[in-house]
Amino acid sequence: MSHEIDTHIMTVGKAKIDNPAIGPYVDDTPVPFYLDAEHGGEDVQGLEGAPVSIEQAGPRSHVYYDPGKTRAAIVTCGGLCPGLNDVIRALVLESYYGYGVRSILGIRYGLEGFIPKYHHDIMELTPRNVSEIHTFGGTILGSSRGPQSSEEIVDALERMNVNILYIIGGDGTMKAASAIQEEIFRRNLHTSVIGIPKTIDNDINFVPKSFGFDTAVDVATSSLRCAHTEAIGAPYGVGLVKLMGRESGFIAAQATLSLNVVNFVLVPEVPFKLEGEGGLLPALEERLKNRSHAVIVAAEGAGQDLLTASGKTDASGNRVLGDIGLFLQKAIKNYFSTKDMDVTVKYIDPSYIVRSVPANTNDRVYCGLLGRNAVHAAMAGKTNMVVARLMDRFVHLPLQLVTRRRRHIDIKSNYWRSVIATTGQRLS
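None of these values were measured; they are calculated from a predicted model.

Draft legend 1. Broad picture of helix α5 (residues 171-186). End to end, α5 covers 23 Å across 16 residues, agreeing with the expected 22 Å (1.5 Å per residue, within 8%). Among the residues making up α5, those that are buried are Asp171, Thr173, Met174, Ala176, Ala177, Ser178, Ile180, Gln181, Glu183 and Ile184. On the buried face of α5, the contacting elements are α4 (150-159), β9 (164-169), β10 (192-197), β15 (382-383), β16 (385-390) and α12 (399-402). Phi turns positive, to about 60 degrees, at asparagine 188, one or two residues after α5.

Draft legend 2. Inspection of the side chain of arginine 407 at higher detail. Positionally, arginine 407 belongs in the loop between α12 and α13 (414-423). A polar atom in the side chain of arginine 407 sits 3.2 Å from the backbone oxygen of asparagine 202. Within polar-contact distance, the side chain of arginine 407 engages the backbone oxygen of proline 208 at 3.1 Å.

Draft legend 3. Examining the UniProt feature "binding site: Mg(2+)" (unreviewed entry) in the protein chain more closely. When the UniProt feature table is mapped onto this chain, "binding site: Mg(2+)" (unreviewed entry) is found at Asp171. Relative to the helices and strands, aspartate 171 resides in helix α5. Dropping the residues within four chain positions of it, aspartate 171 is found in contact with Ile204, Val402, Thr403 and Arg406.

Draft legend 4. Broad picture of the UniProt feature "binding site: ATP" (unreviewed entry) in the protein chain. Mapped onto this numbering, the UniProt entry gives "binding site: ATP" (unreviewed entry) at Gly79, Arg145, Gly146, Gly170, Asp171, Gly172 and Thr173. In three dimensions, the annotated residues from a span of 95 residues occupy one location, with a maximal C-alpha spread of 12.1 Å. With respect to the helices and strands, the residue glycine 146 is situated in the loop between α3 (127-130) and α4. Residue classification places glycine 146 among the partly exposed residues on the basis of a relative accessible area of 21%.

Draft legend 5. Here's a closer look at the packing of aromatic side chains. In this structure the tally under the stated criterion is 4 aromatic pairs. When the centroid spacing of 5.2 Å and the interplanar angle of 75 degrees are considered together, the rings of tyrosine 96 and tyrosine 97 count as edge-to-face. Using a relative accessible area of 23% as the deciding quantity, one classes tyrosine 96 as partly exposed. With relative accessibility at 60%, the residue tyrosine 97 sits in the exposed group. Its guanidinium or amino end placed over the ring of tyrosine 96, arginine 102 lies 4.0 Å from that ring's centre, counting from NZ or CZ. The ring of tyrosine 366 carries the charged tip of arginine 389 above its face, separated from the ring centre by 3.9 Å.

Draft legend 6. Here's a closer look at the sheet that holds strand β12 (residues 264-266). Strand order in this open sheet of 4 strands is β12-β13-β11-β14, and the pairing throughout is parallel. For this open sheet the edge positions go to β12 and β14 (344-348), each flanked by a neighbour on one side alone. On average, adjacent strands in this sheet sit at an angle of 15 degrees to one another, irrespective of strand direction. Looking at chain direction, strand β11 (residues 237-243) and strand β13 (residues 293-299) are connected through 7 bridges and run parallel. From the neighbouring strand, valine 241 faces β13, where its bridge partner is valine 297.

Draft legend 7. Broad picture of the pattern of salt bridges. For the coordinates displayed, the defined rule picks out 19 salt bridges. Aspartate 28 serves as the salt-bridge partner of arginine 60, at 2.7 Å between the closest nitrogen and oxygen. Residue arginine 60 is found in the loop between β4 (52-56) and β5 (62-63), and its partner aspartate 28 is found in the loop between β2 (17-18) and β3 (31-33); the two are separated by 32 residues along the sequence. Residue arginine 60 is classed as buried on the basis of its relative accessible area of 6%. The exposure class assigned to aspartate 28 is partly exposed, which follows from its relative accessible area of 40%. A salt bridge links aspartate 155 to arginine 187; its shortest N-O distance comes to 2.7 Å. On the criterion of sequence distance, the pair formed by aspartate 155 in helix α4 and arginine 187 in the loop between α5 and β10 is long-range, its members being 32 residues apart. You can call aspartate 155 partly exposed: its relative accessible area is 30%. We classify arginine 187 as partly exposed; its relative accessible area is 22%. The structure contains a network of salt bridges with shared partners spanning Asp155, Glu158, Glu183, Arg186 and Arg187.

Thresholds applied
- Residues numbered from 1 in each chain as written.
- Predicted model: local features only at pLDDT ≥ 70, side-chain atom pairs only at ≥ 80, totals over all residues.
- Heavy atoms only, no water.
- Helix = DSSP H or I, 4+ residues; strand = E, 2+ residues; numbered from the N terminus.
- Expected span 1.5 Å × (residues − 1).
- Buried < 20%, exposed > 50% of the residue type's maximum accessible area, 1.4 Å probe, protein only.
- Contact = heavy atoms within 4.5 Å.
- Polar contact = N/O pair within 3.5 Å; in protein donor to acceptor, adjacent residues only side chain to side chain.
- UniProt positions renumbered as here; feature names shortened; annotations may be inferred.
- Phe/Tyr/Trp six-rings, centres within 6.5 Å; stacked < 30°, edge-to-face > 60°.
- Lys NZ or Arg CZ within 6 Å of the ring centre and 35° of its normal.
- Pairing = 2+ DSSP bridges.
- Axes fitted to C-alpha atoms, helices over the stretch in contact; angles between N-to-C directions.
- Salt bridge = Lys/Arg side-chain N within 4 Å of Asp/Glu carboxyl O.

Written out as structure tokens, the structure reads:
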């Protein structure tokens, strides 16, 4: 039944040149993966027990591109995420030292950098000017949101004689990469497009953990610790923390598990109500009466049905969310104003801190391996694909598979059951 998931990886042509990179080499024979909902989401429903054949990442014995005549370009898109600079550094160092590619271009400020009307300069990337960038957060190339013309982007690739495009970004960026690839196919060009999925929300389909997620949880956990300290520092103290997570509450859930001080965790996957039986506010009142303090964590996309929708979208086409943190802060104060309880609410929103810090040790290693495997794939002539880690193996996945849908917490999983057990919350 594995044919129901198309994992075929396209190439720009037959690889005929001996690989100058050090082996051991990997062949193109797909290996079987026995996936569950955690590793394949909705795509593997009904396929339990049946293998899905997926191509492994790594250097091939032959490459398609002649390293001395190859020019690569790197672009980072969307919001910031810990580890972007680490990926850029790995791409440059592996290209330069592993394969002898000497021409590597950095495209400034996302896909805008390809479009002439924005007047963004191109940045030459060398081992010297990327040697220390992993010690900083953000991306040295800058980033932007919003769609750009795939025709104009491919025009720019042709003008610059780019053979390989590495595109780093989230769901929208991978869809843009797919559109760029389609235009390349339409023009019958031999240009590889390799995606490196990036999302701090950890919501890329078929990618169980995206780079930067561990670092984001580390920083988020520090905010929870501060919220707990504030909560216990006052009678009837409430620490309220809003974390990133537009459609998926992985950061909120993981941070909750890591510290074990959260009493209520609210995520987009689970609707909740404020009042009445099973409501958040009565449950909070009971908690405060029993323990005198409480910590609430809300992913930014949680409870949007309780807020007035603006109907607006951002530059990436995502709907503009209402601020669930400020909404809850006001709702808690209003609710307890009619009670004989002097509640103190401390609201913390660490979103920009979470996404802007340098990667931690685990993410730094992960980013390095992603970058190097992306170069191996590109030099072998692979295209229309992303590099990802699946069940502790690095693999090649087609762009169409990872952009099919967003990944969400399975609320029937042992993982979510553990989150609920940690908080002890009983909401409906």
